[in-house]
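Below, each chain spelled out in residue letters.
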Amino acid sequence: MTTFQWANDPNPLSITPKFIVPDENKPNLTNISHLDSIPIVDMNNDHEVLIHDISRACEEYGFFQLINHGIPKDLCENVLEVITEFFHLPYEDKVDMLSVTHMEDGKLFKYYIKDEKTKEKIFMWGEALFHTWHPVDVRFVQNLPTIPPSYRKVVATYIKEVASLITQLLSLISQSLGLDEDYLQRRLGENPKRTAQANYYPPCPNPDLTLGLRDHTDINILTILLADEGVTGLQVLKAEKWFEIDPVPGALIVNVADQLQVLSNDKYKSVQHRAVTNDTKKRTSFAVFIGPEEHGFVGPIQELLDENNPPKYRNYTIDEFMREYRNQEGKRRMVKEFFKIDSGVNK
Ligand code: OGA
Ligand code: NI
């Protein structure tokens, strides 16, 4: 197994060449715009307003901050607390969970950028714990950490709440596309892909040289992100510029992922985002993903197409998508683009 330096927080890592990203990936932090208008969607609004706000946010930004979502604040805080406690454990307590294979259930992974010139792996200034959350009863927790002792219970309780929020959001998004309210839920199939990722970014002495998580789009349908308040780090690309998202207290960040962009035939946008670090505060986040089942197929929704809006993608299976996703490991991935009709790269 490759050995790599592991963040043994609370002692921040020292910058070594292994963490210094190639020039083209450096975050250029003095040149970040503030997006004061990232849409806020209020679940307490009237139905029509809610649908309208969601539709606008998904079309223009691909991201929104959801308030009055109904998940208790103390539960959200507890989730981030147990995750932080877990990542603060010494190296010895985590080493058995370490994996060099991306997206292994219950495993820790360190993301990296492949330096095109040297072919070296440049590691991100962050750590991620990936796991599934299916079945949504207690069984999925057997892959989760046992320290701190409340980890499994807290995360399981939170996941249950998020699962019902996701059901509501899928219905609202279906309606915002002019479809039956159960359309997306049905389209997800009997056995949707339910995964999650806890992210931890220790303070970094030189945030200009590193990234917490490189630029990427999420690959499923929807992501619900819970993140520390009072510390920025998530940035979103809009019109070729990076914007910082300032978390609204109590809000969850929701974003459109690749399969929803394809299903909507590019109406809704799965946008590039990344996490940057800062030199004083650690940052913890927890992303919950929902996507189509493994062997299910994805393509633009027939009901949304007509002669003025022909399909922009061919149909593909999630297996095919994931094969291409893995082919692009270490690069700035462009996976859905591979399935574009007349894109020149389509096979
Ligand atoms: C992710 C992600 C952002 C963050 O896990 O896919 O984009 O702020 N996380 O941790
Ligand atoms: Ni993401």
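Our subject is the structure listed above.
Residues numbered from 1 in each chain as written. Chains lettered and ligands numbered in written order. Predicted model: local features only at pLDDT ≥ 70, side-chain atom pairs only at ≥ 80, totals over all residues. Heavy atoms only, no water.

Asks: In this structure, what is going on with the sheet that holds strand E14 (residues 273-275)? I would like to understand it.
Replies: In a beta sheet, neighbouring strands pair by backbone hydrogen bonds and run either parallel or antiparallel. Across the sheet, five strands lie side by side as E1-E12-E11-E14-E9; this open sheet has mixed pairing. Of all the strands in the sheet, just strand E1 (33-34) and strand E9 (213-216) have a single pairing partner and so form its edges. Direction of pairing for strand E11 (residues 234-238) relative to E14: antiparallel, over a ladder of three bridges. Considered in E14, the bridge of Gln 235 is made with Arg 274. (Pairing = 2+ DSSP bridges. Helix = DSSP H or I, 4+ residues; strand = E, 2+ residues; numbered from the N terminus.)

Asks: Would you take a moment to explain the side chain of Arg 333 for this structure?
Replies: Tracing the sequence through the fold places Arg 333 in the segment after helix H7 (318-327). Within the local environment of Arg 333, its side chain forms a polar contact with the backbone oxygen of Tyr 325, the two atoms lying 2.9 Å apart. (Polar contact = N/O pair within 3.5 Å; in protein donor to acceptor, adjacent residues only side chain to side chain.)

Asks: Quick question: what am I supposed to make of the nonpolar core here?
Replies: Within soluble globular proteins, side chains that are nonpolar generally end up buried alongside one another. Ranked by internal contacts, the top residues of the largest apolar core, which has 76 residues, are Tyr 158, Leu 222 and Phe 286. With 14 residues, the single largest contributor to this core is helix H4 (residues 151-176). Counting 17 residues, the second largest nonpolar core, distinct from the first, contains Val 21, Met 124, Leu 211 and Ala 275. (Core = buried A, V, L, I, M, F, W, Y, C linked by side-chain atoms within 4.5 Å. Buried < 20%, exposed > 50% of the residue type's maximum accessible area, 1.4 Å probe, protein only.)

Asks: I tried to follow the pattern of salt bridges on my own but got confused; where do I start?
Replies: For side chains of opposite charge, pairing can occur when their charged atoms come near one another. If you walk through the whole model with that rule in mind, you get 16 salt bridges. The partner of Asp 215 in a salt bridge is Arg 332, with the nearest N and O atoms 2.7 Å apart. Here Asp 215 is found in strand E9, whereas its partner Arg 332 is found in the segment after H7, with 117 residues between them in sequence. With relative accessibility at 35%, the residue Arg 332 sits in the partly exposed group. One network of salt bridges, in which partners are shared, links Lys 73, Glu 77 and Glu 229. (Salt bridge = Lys/Arg side-chain N within 4 Å of Asp/Glu carboxyl O.)

Asks: Please clarify how the coordination of the nickel ion (ligand 2) should be interpreted in this entry.
Replies: Octahedral metals with six donors have ideal donor angles of 90 or 180 degrees. Tetrahedral metals with four donors have an ideal donor angle of 109.5 degrees. The protein atoms donating to the nickel ion (ligand 2) are His 216 (NE2), Asp 218 (OD) and His 273 (NE2), with metal-donor distances spanning 2.1 Å. Here the donor residues of the nickel ion (ligand 2) are spaced in sequence according to H-x1-D-x54-H. Taken together, the positions of Asp 218 in the loop between E9 and strand E10 (222-227) and His 273 in strand E14 put the pair 55 residues apart, joining distant regions of the chain. For Asp 218, a relative accessible area of 8% gives the class buried. (Donors = N, O, S within 2.8 Å, 3.2 Å for Na, K, Ca; no water.)

Asks: Got a minute to help me understand the site of ligand 1 in this structure?
Replies: Around ligand 1 there are 13 residues in total, and Tyr 201, His 216, His 273, Arg 283 and Ser 285 lie nearest to it. In the model, an oxygen atom of ligand 1 is placed 3.2 Å from a nitrogen or oxygen of the Asp 218 side chain. Between ligand 1 and the protein, one listed contact pairs an oxygen atom with a side-chain N or O atom of Ser 285 at 2.7 Å. For ligand 1, the protein covers 96% of the area, taking 290 Å² as the surface of the free molecule. Taken together, the elements giving at least two residues each to the shell around ligand 1 come down to strand E8 (193-201), E9 and strand E15 (283-291). Broken down by element, the shell around ligand 1 gets its largest block of residues, four residues, from E15. Grouping the amino acids of the shell around ligand 1 by side-chain chemistry returns six nonpolar, five polar and two charged. (Near = heavy atom within 4 Å. Areas by Shrake-Rupley, 256 points an atom, 1.4 Å probe, with all protein chains shown as cover. Nonpolar A, V, L, I, M, F, W, Y, C, P; charged D, E, K, R; others polar.)

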